[in-house]
Amino acid sequence: MSPGGRAVLVTGASRGIGAAVARAFAASGERVGLHYGSRREAAMQVLATLPGAGHIVAGAELTDPEAIRSMVDEVAGALGGIDVLVNNAGVFEPHAAAETTYEEWQQAWQHTLGVNLIGAANVTWCVLRHMGAGGRIVNVSSRGAFRGEPNHPAYGASKAGLIAFGQSLARALGERRIAVTAVAPGFVETDMAAEELTGESGRRRRGESPLGRVATPEEVAAAVHYLASPEAELASGAVLDVNGASYLRL
Ligand SMILES: NC(=O)c1ccc[n+]([C@@H]2O[C@H](COP(=O)([O-])OP(=O)(O)OC[C@H]3O[C@@H](n4cnc5c(N)ncnc54)[C@H](OP(=O)(O)O)[C@@H]3O)[C@@H](O)[C@H]2O)c1
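This report concerns the structure included in the present document. Quick caveat, the model's predicted, so the values are computed rather than measured. (Residues numbered from 1 in each chain as written. Predicted model: local features only at pLDDT ≥ 70, side-chain atom pairs only at ≥ 80, totals over all residues. Heavy atoms only, no water.)

1. So, the sheet that holds strand E1 (residues 7-10)
Read across the sheet, seven strands follow the order E3-E2-E1-E4-E5-E6-E7 without closing on themselves; strand pairing throughout is parallel. This sheet does not close on itself; its edge strands, each paired only once, are strand E3 (56-59) and strand E7 (239-242). Within this sheet the neighbouring strands show an average axis-to-axis angle of 20 degrees, counted without direction. When strand E2 (residues 31-36) meets E3, the two strands line up parallel, connected through four bridges. By the bridge assignment for E3, Gly 33 is matched with Ile 56. Of the strands in this sheet, E1, strand E4 (84-87) and strand E5 (136-140) touch helix H4 (residues 102-128), which is tilted by about 170 degrees from E4. (Pairing = 2+ DSSP bridges. Helix = DSSP H or I, 4+ residues; strand = E, 2+ residues; numbered from the N terminus. Axes fitted to C-alpha atoms, helices over the stretch in contact; angles between N-to-C directions. Contact = heavy atoms within 4.5 Å.)

2. What about the site of the ligand?
Around the ligand, a shell composed of 32 residues is seen, among which Ser 14, Arg 15, Asn 88, Tyr 155 and Thr 190 lie nearest. In the model, an oxygen atom of the ligand is placed 2.8 Å from a nitrogen or oxygen of the Ile 17 main chain. Within the backbone of Arg 39, a nitrogen or oxygen atom sits 2.9 Å from an oxygen atom of the ligand. For the ligand, whose free accessible area comes to 900 Å², the fraction covered by protein is 95%. (Near = heavy atom within 4 Å. Polar contact = N/O pair within 3.5 Å; in protein donor to acceptor, adjacent residues only side chain to side chain. Areas by Shrake-Rupley, 256 points an atom, 1.4 Å probe, with all protein chains shown as cover.)

3. A word on the nonpolar core
Grouped burial of nonpolar side chains is what soluble globular proteins tend to show. Counting 33 residues, the largest nonpolar core has Val 21, Phe 25, Val 32, Leu 34, Val 86, Val 220 and Val 224 as its most contacted members. Within the residue set of this core, elements represented by two or more residues are E1, helix H1 (16-27), E2, helix H2 (40-49), E4, E5 and helix H8 (217-227). Per element, the largest residue contribution to this core is seven residues, and it comes from H1. Setting aside residues up to four positions removed in sequence, Val 86 forms contacts with Leu 9, Val 10, Thr 11, Val 21, Phe 25, Val 138, Val 140 and Val 224. If you look at the next biggest cluster of nonpolar residues, it comprises 29 residues, including Leu 9, Leu 79, Val 127 and Leu 173. (Core = buried A, V, L, I, M, F, W, Y, C linked by side-chain atoms within 4.5 Å. Buried < 20%, exposed > 50% of the residue type's maximum accessible area, 1.4 Å probe, protein only.)

Okay, structure coming up:
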């Protein structure tokens, strides 16, 4: 472990779930590298609210492999290695098959897989050069990996792919004492879900859970924080549902 609390890289920490994850780790005395895509100012504002010291902000467009390499090296250099990686950044863009042109379909698949799956795979490759025994990787997947995403099929595929990727890594990295897990939230109150959670659609979405609500970013962050803990080593390979029983799988 790096001196002065673990070093944690959270992708997509400029808002939403990533910002809540950054706050959860900082609150437990860890030092956080807050990655952002385009919203540097927002990431700086999250940084300003974090307790503790030694946190940094670093940007990278996740469809750009060289930008990812520079970002990861910058964070690892500043934090003295990386003990925990949270692959959280993602996009959720509608592209129902019946409603898109072939060009729009190509674009949606390329961009969604490029950010959500290949971007996460590239961040992981770069981080593994800086991660030692006791390391943790937590991937933020989705209920959609299992339930299907009728209007966002590339999103569903990217999140199922992220789980398969993480489980392959869990098998590969166990001998290095690195544990790899995933969370699979249902809808969460963030910018990404704002449209779906407004008006009649929001009422229906909340009604999918017997609890009558969706998750807060802090509830997802708490699950990520647990999976990244030293106590969770034997959870390697697991997927933790955070969907309020809105979708149950065996
Ligand atoms: N909200 C939900 O209902 C829900 C449900 C299940 C799973 N999830 C998953 O949870 C994760 C976080 O979602 P959220 O709701 O917090 O989303 P959000 O509020 O839309 O935030 C998305 C984050 O990802 C970053 N990002 C997006 N595209 C990027 C790109 N091309 N390159 C680099 N960074 C990029 C954004 O950075 P900038 O803003 O700086 O550009 C931002 O920090 C995602 O993986 C999402 O799929 C969300």
